[in-house]
Amino acid sequence: MATVFGGVEGGGSHSKAVLVSADGKILAETDGPSSNHWLVGVDKCIEVINDMVQRAKTEAGLDPNTPLVSLGMSLSGGEQKDAIDKLIAQMKERFPTLSQHYFITTDAIGAIATASDHGGVVLISGTGSNCKLVNPDGSQIGCGGWGHMMGDEGSGFWIAHLAVKTVFDARDNLVAPPHDITHVRKAMEEYFQVSDLMGMLPHLYRNFQKSHFAGFCKKLAEGAEGGDALCLYVFAQAGKVLAKHVEAVLPAAQEPLLSGDLGLPILCEGLVWKSWELLKPGFTEVLGKVASSDKFKGRFRGYSLLVLQQCSALGGATLGAQSIGATIAMDYKANTKIFYQHTFDSSQ
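A brief look at the structure comes next.

Quick notes on the rules
The numbering scheme is per chain: residues are counted from 1 as the chain's sequence reads. This being a predicted model, a pLDDT of at least 70 is required before a residue's local features are given, and a value of 80 or more before pairs of side-chain atoms are given or counted; all residues contribute to the totals for chains, interfaces and linings. The side-chain values count all of the structure's non-hydrogen atoms but skip hydrogen atoms and water molecules. Secondary structure is summarised from DSSP: a helix means a run of H or I of at least four residues, a strand means a run of E of at least two, and numbering begins at the N terminus for each. Each radius of gyration is computed over the set of C-alpha atoms, and the globule rule expresses the reference value as 2.2 Å times the number of residues to the power 0.38. Contact definition: two residues touch when any of their heavy atoms are within 4.5 Å. Exposure was quantified through the Shrake-Rupley algorithm and a 1.4 Å probe, taking into account, for residues, occlusion by the shown protein chains and nothing else. Only four residue types enter the charge count, namely Lys and Arg as positive and Asp and Glu as negative; His and the chain termini do not. Where a charge lies is defined by one atom per residue type: Lys uses NZ, Arg uses CZ, Asp uses CG and Glu uses CD. Think of it in three bands: with a 1.4 Å probe and only protein chains considered, a residue is buried below 20% of the maximum accessible area for its type, exposed above 50%, and partly exposed in between. Pairs of cysteine sulfur atoms within 2.5 Å are identified as disulfides in what follows. Here a strand pair is declared whenever DSSP counts at least two bridges between the two strands. When the centres of two rings from Phe, Tyr and Trp lie within 6.5 Å, Trp using its six-membered ring, the rings pair. Their planes under 30 degrees apart give stacked, over 60 give edge-to-face, and anything left gives tilted. Structural elements are reduced to axes, namely lines fitted to C-alpha atoms, with helices fitted over the stretch in contact, and the angle between N-to-C directions of any two is expressed from 0 to 180 degrees. It is the rotation of the near helix from the far one that decides the hand of a crossing: anticlockwise by less than a right angle makes it left-handed, clockwise makes it right-handed. Under the scheme applied here, ten amino acids are nonpolar (Ala, Val, Leu, Ile, Met, Phe, Trp, Tyr, Cys and Pro), four are charged (Asp, Glu, Lys and Arg), and all others, including Gly, are polar. Orientation categories follow fixed angle ranges, with anything under 35 degrees roughly parallel, anything over 145 roughly antiparallel, 65 to 115 roughly perpendicular, and all other angles oblique. What counts as a salt bridge is simple: a side-chain nitrogen of Lys or Arg found within 4 Å of a carboxyl oxygen of Asp or Glu. Here the nonpolar core consists of buried residues drawn from Ala, Val, Leu, Ile, Met, Phe, Trp, Tyr and Cys, with membership extended through side-chain atoms lying within 4.5 Å.

Looking now at the overall build of the protein. Within the protein one finds 14 helices and 11 strands. Here the C-alpha radius of gyration of the protein, 21 Å, is about what a compact globule of 348 residues would show, namely 20 Å. Pairs at least 24 residues apart make up 71% of the contacts formed inside the protein by residues separated by at least 6 positions. Just so you have it, the protein exposes about 15,700 Å², and 51% of that area is on carbon and sulfur atoms. Charge centroids of the protein, computed over 29 positive and 36 negative side chains, lie 2 Å from each other.

Now the structure itself:
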């Protein structure tokens, strides 16, 4: 078998695998369910990865029993060293024909590696949320990525939770809602197939599924597009808190990251970004205030929001290859598309 590298993008709701040759040609791509080991467990995680990669080998016309040269995995929940070591050890033991070498990093770092070889910010808002700044020298700093109990601000789960909690708080007369809850309550009852708030309890506890709960965000987006004020509000709040993640990592940004043609490049990953127009008012408001603050005035001169044209499994494959001293040719400009740019007035 010719030199073939594998990459995996593992999210909280769905996953992807890619096989790529050293010249950067994509040989096969496959899809699968969640491979976040904190959500589905180690066994299920590695089974999903093995299934996707082996199907990709078959799709590419390769022998499934011949191991890949390396398999680089960009996984949500892929930060803790002990957990990573355990995943790799179990893969080697259970699936010896999968790959010769393994490398695991976070979904955020995999995304950056797909977009650029000189760093940037990646801001993930999918089922959960996370933010990483990677400098040109490879140093990095993060904000978020702690899961729904401690974070996930601005994510699909967070947006859904904020809307549902607003309904609960209004019902209890605990907090006055910022807008009428009628539409959101009706949408909630339809989505979760309940007739009252008590019916929500199994979805919040015994039968809780993070990805399903986060899926309610899509219904809220539809409500916002239809003009419902509360739906518009929760997305504006999400835009604000996502921008606060950028503000949190900004002090660590090296000058070359801020002074390029794009300003600060921010790679936006996750399905929530499909609702950019709903996030935009809150997001731009916060970053505008940051740019005019004494701390960043004249230094933070603008930013560009980019979206990947290739899945971050490709970045995972690149990092996996680099971990064994190999390289994959990458056309970074073709891997991203700019969907929003803003330059701050120098007089701000």
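As for its position among the elements, threonine 127 is in the loop between strand 6 (120-125) and strand 7 (129-134). With relative accessibility at 14%, the residue threonine 127 sits in the buried group. Taking C-alpha positions, threonine 127 is 33 Å from aspartate 23, a pair spaced 104 residues apart along the chain.

The next point concerns the state of the cysteines. Throughout the structure, instances matching the rule amount to zero disulfides. The thiol of cysteine 131 is unpaired, and the distance to the nearest cysteine sulfur, on cysteine 143, comes to 6.1 Å. A relative accessible area of 0% means that cysteine 131 is categorised as buried. For the unlinked cysteine cysteine 217, the closest cysteine sulfur is that of cysteine 231, found at 9.7 Å. You can call cysteine 217 buried: its relative accessible area is 7%.

For strand 6, the buried fraction is high: six of the six residues fall into the buried class. Judged by which residues are buried, strand 6 turns out to be covered on both faces: Gly120, Val122 and Ile124 on one side and Val121, Leu123 and Ser125 on the other are all buried. What sits between strand 6 and strand 7 in their antiparallel hairpin is a turn of three residues. The pairing of strand 6 with strand 9 (residues 264-269) spans four bridges and is classified as parallel. Bridge pairing links valine 121 to isoleucine 266 in strand 9.

Inspection of every chain in the model, using the stated rule, returns 17 aromatic pairs. With centroids separated by 5.5 Å and ring planes inclined at 80 degrees, the aromatic side chains of tryptophan 276 and phenylalanine 283 adopt a geometry described as edge-to-face. Between the aromatic rings of tryptophan 276 and phenylalanine 339, the centroid separation amounts to 5.9 Å while the plane-to-plane angle is 75 degrees, which identifies the pairing as edge-to-face. In this pair, tryptophan 276 sits in helix 12 (residues 276-292) while phenylalanine 339 sits in strand 11 (residues 336-343), placing the two residues 63 residues apart along the sequence.

Attention now goes to the packing of helix 10 (residues 229-249) against helix 12. With their axes 6 Å apart at the nearest point, helix 10 and helix 12 run at an angle of 35 degrees to one another. Regarding helix 10 and helix 12, the two cross each other, and that crossing is right-handed. On helix 12, the residues that touch Leu232, Phe235, Ala236, Ala238, Gly239, Lys240, Leu242, Ala243, Lys244, Val246 and Glu247 of helix 10 are Leu278, Leu279, Gly282, Phe283, Glu285, Val286, Leu287 and Val290. For the contact of helix 10 with helix 12, the per-class residue count stands at 13 nonpolar, two polar and four charged.

When two helices pack together, their arrangement is given by the angle between their axes and by how far apart the axes lie. Between helix 5 (residues 156-171) and helix 6 (residues 182-192), whose axes approach to 10 Å, the crossing angle comes to 115 degrees. Judged by the angle between their axes, helix 5 and helix 6 are roughly perpendicular. Viewed along their axes, helix 5 and helix 6 form a crossing whose handedness is left-handed. Contact with helix 5, carried on its side by Ala163, Val164, Val167 and Arg171, involves Val184, Arg185 and Met188 of helix 6 and no other residues of that element.

So, about the pattern of salt bridges. Summed over the entire model, instances satisfying the criterion amount to 12 salt bridges. A salt bridge links lysine 165 to aspartate 169, with the nearest nitrogen and oxygen atoms 3.1 Å apart. Of this pair, lysine 165 and aspartate 169 both sit in helix 5, four residues apart, which is roughly one turn of the helix. Judged by relative accessible area, which is 11%, aspartate 169 ranks as buried. Here the residues in one salt-bridge network are Asp43, Glu47 and Arg94, joined through shared partners.

Moving on: the nonpolar core. The biggest cluster of nonpolar side chains holds 58 residues, and the ones touching the most others in it are Phe235, Leu264, Ile266, Phe283, Leu287, Phe300 and Tyr303. The dominant element in this core, judged by the number of residues it contributes, is helix 10, at nine residues. Excluding residues within four positions of it along the chain, phenylalanine 283 makes contact with Leu123, Gly239, Lys240, Leu242, Ala243, Val246, Trp273, Trp276, Tyr303 and Leu305. Counting residues in hydrophobic clusters, the runner-up holds 26 residues, among them Ala28, Val48, Leu71 and Ile88.

Right, let's talk about unusual backbone geometry for a bit. Its identity is not glycine, yet aspartate 152 carries a phi of approximately 65 degrees, on the positive side. Tracing the backbone shows aspartate 152 in the loop between strand 8 (140-144) and helix 5.

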